[in-house]
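What the coordinates show
Here is how the chains run, residue by residue.
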Amino acid sequence: MRAANSSCDNGSMETLTLHSPEETLVLIPHLLGFHPEHHLVLLSLEHGGTDASQQRSRIGPIVTIDLNDHPLSPEVGASVARAITQFRIRAAVIVLYAESPTREMIEYFDLIGDLAAEGTRAYGGELFAAYVAEDDGWRAMPLLLNKKRPWSDLESRPLAADLIYSGSAPYPGPYVPP
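Computed from a predicted model, the values in this text were never measured in an experiment. The numbers attached to residues start from 1 for each chain and follow its sequence in the written order. Thresholds applied to this predicted model are a pLDDT of at least 70 for local features of residues and 80 or more for the giving and counting of side-chain atom pairs; totals over whole chains, interfaces and linings are not thresholded and use all residues. In computing side-chain properties, one takes all heavy atoms of the structure into account and sets aside hydrogens as well as water.

1. Let's talk about the overall build of the protein chain
Counting from the N terminus, the helices are the DSSP runs of H or I reaching at least four residues and the strands are the DSSP runs of E reaching at least two. Scanning the protein chain for helices and strands turns up five helices and seven strands. Listing each helix as α and each strand as β along the protein chain from the N terminus yields β-β-α-β-β-α-β-α-β-β-α-α. In the protein chain, which comprises 178 residues, the proportion classed as buried is 44%. Here a residue-residue contact requires only that any non-hydrogen atoms of the pair lie within 4.5 Å. Across the protein chain, contacts joining residues at least 24 apart in sequence account for 62% of those joining residues at least 6 apart. In these tables, accessible area is a Shrake-Rupley quantity obtained with a 1.4 Å probe, and a residue counts as shielded only by the protein chains included in the view. When the accessible area of the protein chain is evaluated, it comes to approximately 9,600 Å², of which 52% is carbon and sulfur surface. Only protein chains enter the accessibility calculation, which uses a 1.4 Å probe; a residue is then buried when its area is under 20% of its type maximum, exposed when over 50%, and partly exposed in between.

This is the structure we're talking about:
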């Protein structure tokens, strides 16, 4: 998978290579500019839109929902489904960022992941993966089949080095509006 990142200082597009879907867990904080802590994030990896220069866009939009303001619910699921439809998202990764997700959060997240998968299939694509990102590690869905893995598994990936080498450094905590 390739992801185009327009965060270069000169406005040019930089191409980053994702070697696996879980590397999106490295990419998301760099795209957002902060480390999500209590958020639901849908990262589009391919959609039917164009960028500002009318070129076919590969990455984006990125939908970020602050779960402090909007707890996981059917309404949040409907918002994700609307974004997939509006932007004709064909390939995506969805991530639940939570310090200690409750069983209810996991159940809602699983349902939202199902909605996202159904939506991307409608455009001939697929939901590549769904992850739960916690303070001490991350897991792929379904959680019962996947053990928690440490963040250090991702920090040593080439993508992480490429992002740091390019000067990207997300704010260490969640975004706090001025």
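Next comes the rest of the write-up.
2. Details of the packing of helix H2 (residues 74-87) against helix H3 (residues 103-121)
Following both chains from N to C, one finds H2 and H3 inclined at 20°, their axes separated by 9 Å at the closest point. Our classification of the angle between H2 and H3 gives roughly parallel. Read as a crossing pair, H2 and H3 show a hand that is right-handed. Between H2, through Pro74, Val76, Gly77, Val80 and Ile84, and H3, the contact on the second element is made entirely by Tyr108, Ile112, Leu115, Ala116, Gly119 and Thr120. Residue classes in the contact of H2 with H3 are distributed as eight nonpolar, three polar and no charged. For helices, the fitted line uses only the C-alpha atoms of the stretch in contact; every axis is such a line through C-alpha atoms, and the angle between N-to-C directions lies from 0 to 180 degrees. For classification purposes, an angle smaller than 35 degrees is called roughly parallel, one larger than 145 roughly antiparallel, one from 65 to 115 roughly perpendicular, and anything else oblique. With the far helix as reference, a near helix turned anticlockwise by less than a right angle produces a left-handed crossing, and one turned clockwise produces a right-handed crossing. Here the term charged refers only to Asp, Glu, Lys and Arg, the term nonpolar to Ala, Val, Leu, Ile, Met, Phe, Trp, Tyr, Cys and Pro, and the term polar to all other amino acids, Gly among them.

3. Things to note about the pairing of strand S7 (residues 137-140)
Neither face of S7 is exposed, since Gly137 and Arg139 on one face and Trp138 and Ala140 on the opposite face are all buried. Strands are treated as partners if at least two bridges between them are detected by DSSP. Both strand S6 (residues 126-134) and S7 contribute to a ladder of four bridges, which runs antiparallel. The partner of Glu134 across the bridge, within S7, is Gly137. Counting the residues in the hairpin turn of S6 and S7 gives two residues.

4. Side note on unusual backbone geometry
Peptide bonds are, in most cases, trans, and in most cases residues other than glycine have a negative phi. With an omega of -5°, the peptide bond running from Met141 to Pro142 counts as cis. Looking at the element boundaries, Pro142 is found in the loop between S7 and helix H4 (152-155). For Arg88, which is not glycine, the phi dihedral falls at a positive 50°. Locating Arg88 in the fold gives a position in the loop between H2 and strand S5 (89-97). A relative accessible area of 38% places Arg88 in the partly exposed class.

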